[in-house]
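Residue-level structural notes
Now for the letters of each chain:
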Amino acid sequence: MSIFSKLGFVGWEEIEPTMLACLVSCHPILLVGYHGCNKTDGPGKIVKSLLGTSARYQKYDLQWLRTDDFLGYANPKSLMSGKVDHIPTDISIWGADAVLFDEINRANPSIASKALELVREKTVQGRDTGVKYVFASLNPPGKYRTSYLDE
């Protein structure tokens with residue numbers, strides 16, 4: 001029995017070796033599939049099984065995400081001293097162990113560069129986020145009014 005099937009996943013046998021390699025090396029994972037294939041809720045189950053139930057897993061719908069949602073609010077005190085710092089909120093990136101960028105190919109342009117920096121470097125505006133696992137998901141291009149990601 002595969003590891004993912006023990007978590008209740010159906011149809012993930014083919015991608016399991018690649019996913020496990022990415023998880024062991026903390027590489028970002030892009031899940032591409034149709035509605036209902038567990039690409040949104042699956043990563044949360046994986047993170048909780050790896051890091052424990054107290055792990056903070058944050059999902060972001062990139063179609064609607066705004067900078068304040070993602071980073072928190074700009075801290076006026078730090079701005080006055082010439083630094084950019086944020087006051088965290090319950091859904092901001094700071095303190096998250098793992099994140100999912102859902103519908104990454106529908107990203108709001110104002111947040112896309114910050115999301116891609118996190119995917120590549122696990123930083124935002126050059127600041128380390130402490131995020132261990134990064135997942136992204138999208139529906140296949142041409143389906144559900146979606147398009148391809150830029151290379």
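Summary of the structure given here. None of these values were measured; they are calculated from a predicted model.

1. Remarks on the environment of leucine 100
- As for its position among the elements, leucine 100 is in strand S5 (residues 98-102).
- Here the alpha-carbon distance between leucine 100 and leucine 20, two residues 80 residues apart in the chain, equals 17 Å.
- With residues near it in sequence (within four places) discarded, leucine 100 still touches Lys39, Thr40, Pro43, Tyr57, Gln58, Lys59, Tyr60, Phe135, Ala136 and Ser137.

2. Remarks on the nonpolar core
- Membership of the largest hydrophobic core comes to 20 residues, with the highest contact counts inside it found for Tyr60, Phe70, Ile93, Val99, Phe101 and Leu118.
- At the level of elements, helix H4 (67-71), S5, helix H6 (109-121) and strand S8 (133-138) are the ones that each hand at least two residues to this core.
- Among the elements that line this core, the one with the most residues is H6, at four residues.
- Excluding residues that lie within four positions of it along the chain, isoleucine 93 makes contacts with Arg56, Tyr60, Phe70, Leu71, Val99, Leu118, Thr129 and Val131.
- If you look at the next biggest cluster of nonpolar residues, it comprises 16 residues, including Phe4, Trp12, Leu100 and Phe135.

3. Observations concerning helix H2 (residues 16-25)
- Within H2, the full set of buried residues consists of Glu16, Met19, Cys22 and Leu23. Summarising the axial view, the buried residues of H2 lie within an arc of 125 degrees, below the 170-degree limit, and thus occupy one face. Every exposed residue of H2 that faces more than 90 degrees away from the buried side is listed here: Pro17, Thr18 and Val24.
- Taken together, the buried residues of H2 touch helix H1 (3-6), strand S1 (29-32), helix H3 (42-51) and S8.
- Looking at the residues trailing H2, positive phi occurs at cysteine 26, about 60 degrees.

4. Examining the pairing of S5
- When you tally the buried positions in S5, you get five out of five residues, the bulk of the element.
- Judged by which residues are buried, S5 turns out to be covered on both faces: Ala98, Leu100 and Asp102 on one side and Val99 and Phe101 on the other are all buried.
- Note: S5 against S8, four bridges, orientation parallel. By the bridge assignment, leucine 100 is partnered in S8 with phenylalanine 135.

5. A word on the pattern of salt bridges
- Tallied over the entire structure, the rule returns three salt bridges.
- A salt bridge links aspartate 85 to arginine 127; its shortest N-O distance comes to 3.2 Å. One end of the pair, aspartate 85, is in the loop between helix H5 (76-80) and strand S4 (86-87); the other, arginine 127, is in strand S7 (residues 127-128), with 42 residues separating them in the sequence.
- For aspartate 85, a relative accessible area of 27% corresponds to the partly exposed category.

Rules of the game
Residues numbered from 1 in each chain as written. Predicted model: local features only at pLDDT ≥ 70, side-chain atom pairs only at ≥ 80, totals over all residues. Heavy atoms only, no water. Helix = DSSP H or I, 4+ residues; strand = E, 2+ residues; numbered from the N terminus. Contact = heavy atoms within 4.5 Å. Core = buried A, V, L, I, M, F, W, Y, C linked by side-chain atoms within 4.5 Å. Buried < 20%, exposed > 50% of the residue type's maximum accessible area, 1.4 Å probe, protein only. Arc of directions from axis to C-beta. Pairing = 2+ DSSP bridges. Salt bridge = Lys/Arg side-chain N within 4 Å of Asp/Glu carboxyl O.

The values reported here are purely geometric and, on their own, carry no functional implication.
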